Each structure stands twice: as C-alpha cells, then as structure tokens.
Amino acid sequence: MIQAAPLVLIVSGPSGSGKSTLVQKILELPGTMLSISCTTRAPRRTENAGKWYNFVTEAEFQQMIGRGEFLEYAQVFGKNWYGTPKKWLDEARAEGKDLVLEIDVKGALQVKEKLSEAVAIFVVPPSRADVEQRIRARGQDSEDEIRRRLERSRQEMLKYPSYDFAVINDDLDRAGREVQAIALASRCRMARQEDRICEIVKTFGG
Ligand code: 5GP
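An account of the accompanying structure is given in this report.

Reading the values: rules and limits
- Every residue gets a number counted from 1 within its own chain, in the order that chain's sequence is written.
- In view of the model being predicted, local features appear only for residues whose pLDDT reaches at least 70, and side-chain atom pairs are presented and counted only at 80 or more, with totals across whole chains, interfaces and linings using the full set of residues.
- Note that water and hydrogens are dropped before the side-chain values are worked out from all heavy atoms of the structure.
- When two cysteine sulfur atoms are found within 2.5 Å, that pair is recorded as a disulfide.
- At least two bridges found by DSSP between two strands are what make those strands a pair.
- Secondary structure elements are taken from DSSP: a helix is a run of H or I of four residues or more, a strand is a run of E of two residues or more, and numbering for both begins at the N terminus.
- The axes are straight lines fitted to the C-alpha atoms, using for helices just the contacting stretch, and the angles between their N-to-C directions are given from 0 to 180°.
- Partly exposed residues are those whose accessible area sits between 20% and 50% of the maximum for their type, while under 20% is buried and over 50% is exposed, using a 1.4 Å probe and protein chains only.
- Residue count minus one, scaled by 1.5 Å, sets the expected span of a helix.
- Whether a residue is near a molecule or strand depends on its heavy atoms: it is near if one of them lies within 4 Å of it.
- Here a polar contact is taken to be a pair of N or O atoms separated by no more than 3.5 Å, where protein atoms must pair a possible hydrogen donor with a possible acceptor and residues adjacent in sequence count only if both atoms sit in side chains.
- Note on areas: these come from Shrake-Rupley sampling with a 1.4 Å probe, and a residue is covered only by the protein chains present in the view.
- Polar here means any residue outside two lists: the nonpolar Ala, Val, Leu, Ile, Met, Phe, Trp, Tyr, Cys and Pro, and the charged Asp, Glu, Lys and Arg; Gly therefore counts as polar.

## Side note on the state of the cysteines
- One pass over the full model with this rule turns up zero disulfides.
- Here Cys 198 is not cross-linked by a disulfide; its sulfur's nearest cysteine counterpart is in Cys 188, at 17 Å.

Shown next, in the form of structure tokens:
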C-alpha cells in the first residue's frame, strides 16, 4: 500500500505559552517523532544534549546554514540561533512517522511558506500574567531576559492569523486532547489520503 508523506505538525506560539508540554502530548501518539533543533544557546541545568536540542557553537551553526542544512532557522531574542535540520524530514519519511516541530513564530511562518501542507498549531497562553509566571517558575532567566521574553511574546501573539489551528492552553488536559485531535484529524485529510484511496478503489475494479 502507498504510504502517505510524513505529516509535519508545527507547534508554535509565544514564548512561555507552554508549547513543550503540548508537544509531549502529541508524541504520546504512536507514529510521531520529534524534530530536534540545533541551537547556539547554552544548555540549561535540566537539559541534556540530543533530547530537546543539539547544542552547537555559533561557527557550527553558520556552517550548517552555509551547507543549506536547515528547513528554517531564526535568531531568537536577538541573541541565540535556533534551526530545524532538514534531515528530520528524511528520517520521518524513512520511518513512516509524522514529524513534530516545536519552533518560534518566525520559524513557523518560514516552514508554512516552504511546506504549505504543514499543519501549524498556535498555542495561546491564557494571559500575559500566565506567561510571566511560567517564565519565572523556570527560575533561570535574568530580569532583563524576562522583560525581553515578555515583549517578544506580545509581538508573537499578533501573528495568530497565519496559523491553521489554535489551542488555548488554560487547561492542560483539554489542551492536550485538542492537540492530539488535531494531529489525528490532520492525518485523515483528504489531500493526504487520496493516493491510498485510489489504490483501494482499484481493488474495487477501478
Ligand atoms: P528556549 O530557549 O526557551 O528553549 O526556546 C526559545 C524559543 O525558540 C522558543 O519559542 C522555542 O519554541 C524556539 N525554538 C526552539 N527550536 C527552534 C527551532 O528549531 N527554530 C525556531 N525558529 N525556533 C525554535
């Protein structure tokens, strides 16, 4: 049977909207895999390399850009670089899995331009206060950094019309069910299923 191309699911939204937790919910679905980004940011105390990020130097990152290895990349907070290596698309295709990208708003718009069939989910924080609390709870950012992140979140909120779906992250259980439902429904979109349906139609005699 013909296999559908991997579904690309973009989970994006303002900094501090709780994207990572919702990404984990999608990854609970069989047949999904995470795109591990490269970043020039230093690892936080809780992060080990290769799980959420591959940590690289600025020189390594620039070389990867030069070699055209990124599907998208962006400088976040005017400081660190983050990018999605194209290799994950090949890997997802080879494994027959759907690929989940957790990326910022600039990156999401780049991916939608290149892969129009990608499905973009906008994770909406319930309020600015909630975002601030989330950033502070991590306890790893300076006051300056917190201010920068909050200002950036404000600008990112305005980009919601470019997305296919919105999930308001005010109740983790419900928001988790919603992202899973979006992933499952996206798998069944007619445009993705057409080749497989044609094969089945042939078994009916065409
Ligand atoms: P953090 O430093 O808190 O891990 O991530 C900062 C921001 O960068 C978050 O909004 C996160 O979603 C985004 N980000 C992580 N990986 C990528 C990536 O590969 N590309 C882009 N454009 N943004 C990313």
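## A look at the sheet that holds strand E9 (residues 165–168)
- Spatial strand order, E2-E7-E1-E8-E9: five strands in an open sheet with parallel pairing. Since the sheet does not close on itself, it has two edges, and those belong to strand E2 (32–34) and E9, each with one partner. Taking the axes of each pair of neighbouring strands and ignoring which way they run, one obtains an average angle of 25° across the sheet.
- Where strand E1 (residues 8–12) meets strand E7 (residues 98–102), four bridges bridge the pair, whose relative direction is parallel. Of the residues in E7, the one forming a bridge with Val 8 is Leu 99.

## A look at the environment of Pro 161
- Take Pro 161: it is sitting in the loop between helix H6 (143–157) and E9.
- Here Pro 161 falls in the exposed class, since its relative accessible area comes to 60%.

## A few points about the environment of Glu 132
- Topologically, Glu 132 is positioned in helix H5 (residues 128–138).
- Sequence separation between Glu 132 and Ser 17 is 115 residues; the distance between their C-alpha atoms is 9.6 Å.

## With respect to helix H8 (residues 190–203)
- Its 14 residues place the ends of H8 19 Å apart at the C-alpha level, agreeing with the 20 Å of an ideal helix rising 1.5 Å per residue.
- Gly 205, located one to two residues past H8, shows a positive phi value of around 100°.

## Structural notes on the site of the ligand
- In the region of the ligand, 17 residues are neighbours, and Ser 37, Arg 41, Tyr 53, Tyr 82 and Asp 104 sit closest.
- Arg 44 has a polar side-chain atom sitting 2.9 Å from an oxygen atom of the ligand.
- Within the side chain of Glu 72, an N or O atom sits 2.7 Å from a nitrogen atom of the ligand.
- Burial of the ligand by the surrounding chains reaches 95%, relative to a free accessible area of 510 Å².
- Among the elements of the structure, strand E5 (70–76) and strand E6 (80–85) are those that each provide at least two residues to the shell around the ligand.
- Partitioning the shell around the ligand into residue classes produces five nonpolar, four polar and eight charged.

No statement about biological role is implied by the geometric values presented.
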